[in-house]
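Chain by chain, the residues run as shown.
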Amino acid sequence: MNRQEFTNAMTVKSKQNGLELIDFDGHRENEGESNVEIYVGLEFDSAEDAQEFYSLHATQLGFRIRVGQLYRSRTDGSVISRRFVCSKEGFQTNSRTGCPAFVRVQKNENGKWAIANINTEHNHELELPGQICPPQTQRKPLPASRAEPVSTRTGIRSHESDDPLSLIDLKRLKREEAEGETTAGFGEEPYKGLEFVSANDAYHFYNSYAANVGFRVRIGQLFRSKNDGSITSRRFVCSKEGHQHPSRVGCSAFMRIQRQESGLWVVDRLLLEHNHETNSPTDATRKRPGAAKVFKEEVMGELENLDLVESNGGFSLAKRGRESNIGSDWYGVLLEYFQSRQAEDIGFFYAIEAVEGKCMNVFWADSRSRFSCSQFGDAVFFDTTYRRFSYTVPFASFVGVNHHRQPVLLGCALIADESEESFTWVFQSWLKAMAGRYPLSIVADQDKVIQHSIAHVFPGTHHRFSAAQLMVKEQENLGALLSMDNEFKYEYETCVSQCQTGNEFDSAWNRLVTKYNLKENVWLKEMYRMRRCWISFHLRGTFFAGILVDGSMKPYFGTLLTAQTPLNEFLLRYEKGLEQRREEERKEDFNSFNIQAALHTKDPIEEQCRRLYTITMFKVFQKELLECYGYVGIKLNMEGVISRFMVQKCGNGDERNTVAVNASNLNISCSCKMFECEGILCRHALKVFQIMNVRELPSRYILHRWTKNAKYGILRDTDSGGGQDFKALMLWSLREEAGNYIEAGVTSLERYKLAFEIMQEGRRNLCWQN
């Protein structure tokens, strides 16, 4: 159906329901009739018709749309449901506001597409209808169904998502070449910020520039949107890039273009230098093939990077090479920085992954981070904020929680690509730097590649999903219900965070999906399967060092490292942020040793904990101790030396917890699992200890990691250290203390002499002991 036919059809359908449309020339149709909103049940012949109808509706109201999520049939993989969202949906760019407005269409049994869900509320100001031009170009094609076309002659499946021609219009380039069409400025030197109307024009421009300089161009890596799979950026590289062919020499010259919200393509990354001699412009022009031939060679070049893999009785194309999202100029700068740091800090560790002679992922950690990991590496937050924003460099960090509940850096990495291989290499490098000490828990994104990498590198470590990413996924899949139905929002949040037992959660979950007709929601099905990684009840028995219940942590470097941080400022800001955080830690260390918190009871347990805990952790404990006075404990039964108590809040019979205690050794456990999760005894356990007249807490309930001496080399559990791991702990501990000793000893000549004498005396004492 052509545009006029579609407009007429939509006009007829809308008139039956009192709708007002705008035609493709921007004129209003059905003027004088009331403007009725689109409604659930409105049918279309195809999903494309629904997309265009919603686009026209959006134009009339003053907003733009994007193609959102799709759902596929579990039987044949065909698309059965589509979402079209406001262009400001999500938070991937600064211009987006997380707008919940959307329309979801579903395919009926009769083959029609009907509107199944609508949210018309926007969380931003709409533009005037006249400020948005109605769509003038052909419809944006929706992603094809999962079924892949197979050549009957070769048995090779063609992967549309990897097709190097999926963005560039070959026929247009052939026609332009035949007609001698040129664009103003082609052949001039490119620069960052240069704009093009289309990717075709950018390719044509770079080809002309290459002909003038004396080299040839190939189409390089592409990047796709995580929302709708559309291409968001492209790289055009020198034909001698890579090493897949003897004629290629690994040339780094390239031009990358990025699609803007306006639809224009802008040069955002550029490298003009070649590592080989270029031809004379005359030779390059004479030898330069037509556009069709260039693309033919490009297709063959792409095939060089693919392997034939046998599967399901046929063959499919699998990508062989990996590309790096790290600018090639970063590696040299970082390597120079690493070498200078290693000269100053003998415990500095770094690693760079090389694949077929090409630099990929980067990891580093100084001796302070490695020592911190020996004390605070039991719970780790893998911060990949760069994935949710358009960061110039894909910077990730490993962050722990110190004895003041402050974030502490445990290592840094640059992630070359979003592959399982990259994340696995980074996790393995971190594990190697930390002498093979596995964390008890790790908070990280829920993407399959990260899940698989964590399971492979950290077997037995409890993976908890990142709250920031989880919130985005909830908005994408449940945004309409969460924003429009307060009852659903309350029931959903109660189910996720308030259930106390597995049976209680399962019952609440089943009621929720049944009541709101969500049993076939693909995302909810998947999240229920992975409930151990994000539901509060399933996380209680795992130690997370007090990381908030929602799993979130503020970025370690705050606002110092942002999406726009350039290379020449990155390391300076990194060093500044590191020093600021460590200065904050030093201040808390000083306060814990020199300032005493006030006591609020005469309980000797309070005095015991004030003496041992840091100020921050003592206040956490003190709050639980004070709260326990508002609870009552009732002994339920006794089995041998094990006594069970029910502890409930006075005046609130709904809040009940069960505490079991062994009278012979004072082992205690509570159903709330606070000690297992945070390492601090809860008010319920403290109430039972009060009933039993316990006047001093057993040492096992005061974790060394929360004490004032946590970072000063007092290694208590020597049996658990074992071999090389324990030697590494001693090495890092002594090295940390020696660094502080040296800093104090070089402040003056007199202090230097004293420090040297003390060191000599200490060395003699150690030798005599042998």
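Residues numbered from 1 in each chain as written. Predicted model: local features only at pLDDT ≥ 70, side-chain atom pairs only at ≥ 80, totals over all residues. Heavy atoms only, no water.

**Some words on the UniProt feature "domain: SWIM-type" (unreviewed entry) in the chain**
Look at the UniProt record and you will see "domain: SWIM-type" (unreviewed entry) annotated at residues 657-693. From the first C-alpha to the last, residues 657-693 spans 20 Å; its make-up is 38% helix and 24% strand. (UniProt positions renumbered as here; feature names shortened; annotations may be inferred. Helix = DSSP H or I, 4+ residues; strand = E, 2+ residues; numbered from the N terminus.)

**Quick look at the packing of helix 12 (residues 486-497) against helix 13 (residues 502-515)**
Two numbers describe how helix 12 lies on helix 13: the axes approach to 9 Å, and their chain directions differ by 155 degrees. With respect to their mutual orientation, helix 12 and helix 13 come out roughly antiparallel. You can see that helix 12 and helix 13 cross each other, and the crossing is left-handed. Two secondary-structure elements touch here, helix 12 through Glu487, Phe488, Glu491, Tyr492 and Cys495 and helix 13 through Phe505, Ala508, Trp509, Leu512 and Lys515. Looking at the contact of helix 12 with helix 13, its residues break down into seven nonpolar, no polar and three charged. (Axes fitted to C-alpha atoms, helices over the stretch in contact; angles between N-to-C directions. Parallel < 35°, antiparallel > 145°, perpendicular 65-115°, else oblique. Left-handed = near helix turned anticlockwise from the far one by under 90°. Contact = heavy atoms within 4.5 Å. Nonpolar A, V, L, I, M, F, W, Y, C, P; charged D, E, K, R; others polar.)

**Thoughts on the pattern of salt bridges**
Under the counting rule described, the total for this entry stands at 27 salt bridges. Notably, a salt bridge pairs Glu627 with Arg683, separated by 3.7 Å at the nearest N-O pair. Of this pair, Glu627 sits in helix 18 (residues 615-627) while Arg683 sits in helix 20 (residues 683-691), and the two are 56 residues apart along the sequence. Residue class for Glu627 comes out partly exposed when judged on its relative accessible area of 30%. For Glu639, the salt bridge is made with Arg644, and the minimal N-O distance between the two is 3.6 Å. Using a relative accessible area of 29% as the deciding quantity, one classes Arg644 as partly exposed. Via salt bridges that share partners, Arg341, Glu344, Asp345, Asp366, Glu575 and Arg582 belong to a single interconnected network. (Salt bridge = Lys/Arg side-chain N within 4 Å of Asp/Glu carboxyl O. Buried < 20%, exposed > 50% of the residue type's maximum accessible area, 1.4 Å probe, protein only.)

**What to know about a nonpolar patch on the surface**
Residues Val632, Ile634 and Leu636 make up a contiguous nonpolar surface patch of about 240 Å² in total accessible area. Checked against the element boundaries, Ile634 lands in strand 21 (residues 631-639). (Patch = residues over 30% accessible without salt bridge, like charges linked within 9 Å, V, L, I, M, F, W, Y side chains within 5 Å. Areas by Shrake-Rupley, 256 points an atom, 1.4 Å probe, with all protein chains shown as cover.)

**Considering the sheet that holds strand 18 (residues 407-414)**
Pairing is mixed across the open sheet formed by seven strands, whose spatial order is 14-15-18-17-16-19-20. Every interior strand has two partners, whereas the edge strands, strand 14 (349-355) and strand 20 (462-465), have only one. For this sheet, the mean inter-axis angle between neighbouring strands, taken without regard to orientation, is 20 degrees. Two strands pair when backbone bridges link them, and strand 19 (residues 441-444) and strand 20 are joined in this way by four bridges, in the parallel orientation. Looking at the pairing, Ile442 lines up with His463 of strand 20. Contacts from helix 9 (residues 420-433) reach strand 14, strand 15 (358-365), strand 16 (379-383), strand 17 (395-401) and strand 18 within the one sheet, and its direction differs from that of strand 15 by about 35 degrees. (Pairing = 2+ DSSP bridges.)

**What to know about the packing of aromatic side chains**
Two numbers describe a pair of aromatic rings. These are the distance of the centres and the angle of the planes. Applying the stated criterion across every chain, the model contains 38 aromatic pairs. Look at Tyr209 and Phe215: their rings are 6.0 Å apart centre to centre, the planes differ by 75 degrees, and that puts the pair in the edge-to-face class. Since its relative accessible area comes to 5%, Phe215 is described here as buried. The interplanar angle of 10 degrees and the centroid separation of 6.2 Å between the aromatic rings of Phe505 and Tyr528 together place this pair among those described as stacked. Taken as a pair, Phe505 in helix 13 and Tyr528 in helix 14 (residues 522-529) lie far apart in primary sequence, 23 residues in all. Judged by relative accessible area, which is 0%, Phe505 ranks as buried. Overall, the relative accessible area of 25% leaves Tyr528 in the partly exposed class. (Phe/Tyr/Trp six-rings, centres within 6.5 Å; stacked < 30°, edge-to-face > 60°.)

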